[in-house]
Amino acid sequence: ESVRTQEYTAIKCKVKQWSEQAQRILEGKIPADANIYMVPATLRPETMYGQTNVFVSPAITYGIFRVSETDFFFVTNRAARNMAFQGIFTGLDWGIVQRVVELSGSDVIGSTVSAPLSRQGEVYVIPMDTISETKGTGVVTSVPSDSPDDYAMTIELSKKADFYGISSEWVSLELLPIIDTPNHGNLIAPTLVKQMKINSPKDTQRLAEAKEQAYKVGFYQGTLIVGEFSGMLVQDAKNLVRQSLIDSHDAIEYCE
Ligand code: A2H
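Draft legend 1. Quick peek at the side chain of Lys12. With respect to the helices and strands, the residue Lys12 is situated in the loop between strand E1 (7-11) and strand E2 (13-17). Lacking a salt bridge, the buried Lys12 has Asp71 as its closest oppositely charged neighbour, with an N-O distance of 4.5 Å. A polar contact is formed between the side chain of Lys12 and the backbone oxygen of His249, at a distance of 3.1 Å. Those residues in contact with Lys12 that sit more than four places away from it in its chain are Tyr37, Met38, Asp71, Phe73, Ser114, Pro116, His249, Asp250, Ala251 and Ile252.

If you want it as structure tokens, here you go:
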């Protein structure tokens, strides 16, 4: 475990439609005109162009927390506490974390949320068992073009939708090429997953290797091929995309 500060970009994915189960739980608990966001934490803000789903863990308990008069975040208790210390919850009494409701990840699967920068304006919330409760916000953006973990989970869910208790229509199989590389093409995650013969999200050792390689190649050799900073090297564009997301109020800084 690194002792350095991890600087995440927390993406504000506004809830468009709650799953039926979440609707039942939320009934009467939150003002109808509230803006509620699922807030995945990412280390790769430049990949948000390729977001196709949002992952939550069915095994984690989340909360919806008041951020301001009008805005609410769906994150883990732990992340909400960190956010409060970082001054992210504004217009509230200092240090007071206001949890409006508790929900299990399984309650919100099948909801839809906005996906800032992505060509798919709106994406489904789907399950990922390997999400850690003690990292980030417990919510993860799925970018199967560039993240081997996301790609492997996407394939798993599309093959075993019934087993996971989801509708296969919620799993996006679209791969959006967003970063080009000299030797691995423009869909590095599927390329590595196939090359390394990774057949399941449980193939953790090879996935860790693929993740490391995808991260290095993407960062040091990748060029963005979509969006405002298209044509720029990922290492130059990364912070520009991040700042652009923050300026448009689609993301916030989050550290731990
Ligand atoms: B990354 P680090 Cl395209 N549990 O975002 C498991 N994984 C989590 C998590 C949690 N609680 N919170 C965040 N993550 C994921 C994009 C991405 C990411 C790409 C490629 C690699 C990559 C899209 N998913 O991460 O352990 C999030 O996925 C590889 C490092 O704090 C986040 O960034 O270093 C990353 O892991 C944070 O991992």
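That was the structure; now back to the text.
Draft legend 2. Molecular detail of the sheet that holds strand E7 (residues 71-76). On the basis of which strands lie adjacent, the open sheet formed by 9 strands has the order E8-E6-E7-E3-E2-E9-E10-E5-E11 and mixed pairing. Here the strands that pair on one side only, and so sit at the sheet edges, are strand E8 (99-104) and strand E11 (139-142). The mean inter-strand angle of the sheet, taken between neighbouring strand axes irrespective of direction, is 35°. Most of the contacts of helix H2 (residues 77-85) go to E7, to which it runs at about 125°, and overall it touches strand E6 (61-66), E7 and E8. The strands that helix H4 (residues 148-159) touches are strand E5 (53-56), strand E10 (122-127) and E11; relative to E5, the one it contacts most, it runs at about 90°.

Draft legend 3. Expanded view of the side chain of Gln51. Mapped onto the fold, Gln51 is located in the loop between strand E4 (41-42) and E5. Classification of Gln51 as buried rests on a relative accessible area of 0%. Once residues within four sequence positions are removed from consideration, Gln51 is found in contact with Cys13, Ala115, Ser118, Gln120, Val123, Thr141, Ser142, Val143 and Leu176.

Each value, and the rule that gives it
- Numbering of residues starts from 1 in each chain and follows the order in which that chain's sequence is written.
- The model is predicted, so local features are restricted to residues of pLDDT at least 70 and side-chain atom pairs to those at 80 or more, both for listing and for counting; the totals for chains, interfaces and linings are taken over all residues.
- Working from all heavy atoms in the structure, the side-chain values ignore hydrogens and water.
- Elements are defined by DSSP. Helices are runs of H or I of four residues or more, strands are runs of E of two residues or more, and each kind is numbered from the N terminus.
- Classification of residues uses two cut-offs on accessible area relative to the type maximum, computed with a 1.4 Å probe and protein chains only: under 20% is buried, over 50% is exposed, and between them is partly exposed.
- Charge assignment in this entry is limited to Lys and Arg as positive and Asp and Glu as negative, and neither His nor the chain termini are counted.
- Salt bridges are counted wherever a side-chain nitrogen of Lys or Arg sits within 4 Å of a carboxyl oxygen of Asp or Glu.
- Each polar contact in these results corresponds to two N or O atoms within 3.5 Å; when the atoms are within protein, one needs to be able to donate a hydrogen and the other to accept it, and residues that are neighboring in sequence are counted only if both atoms are side-chain atoms.
- Here, two residues are considered to be in contact whenever any of their heavy atoms come within 4.5 Å of each other.
- Criterion used throughout: strands pair if DSSP finds at least two bridges between them.
- Only the contacting stretch of a helix is used when fitting its axis, a line to C-alpha atoms as for every element, and angles between N-to-C directions run 0 to 180 degrees.

Shape descriptors only; they carry no functional weight alone.
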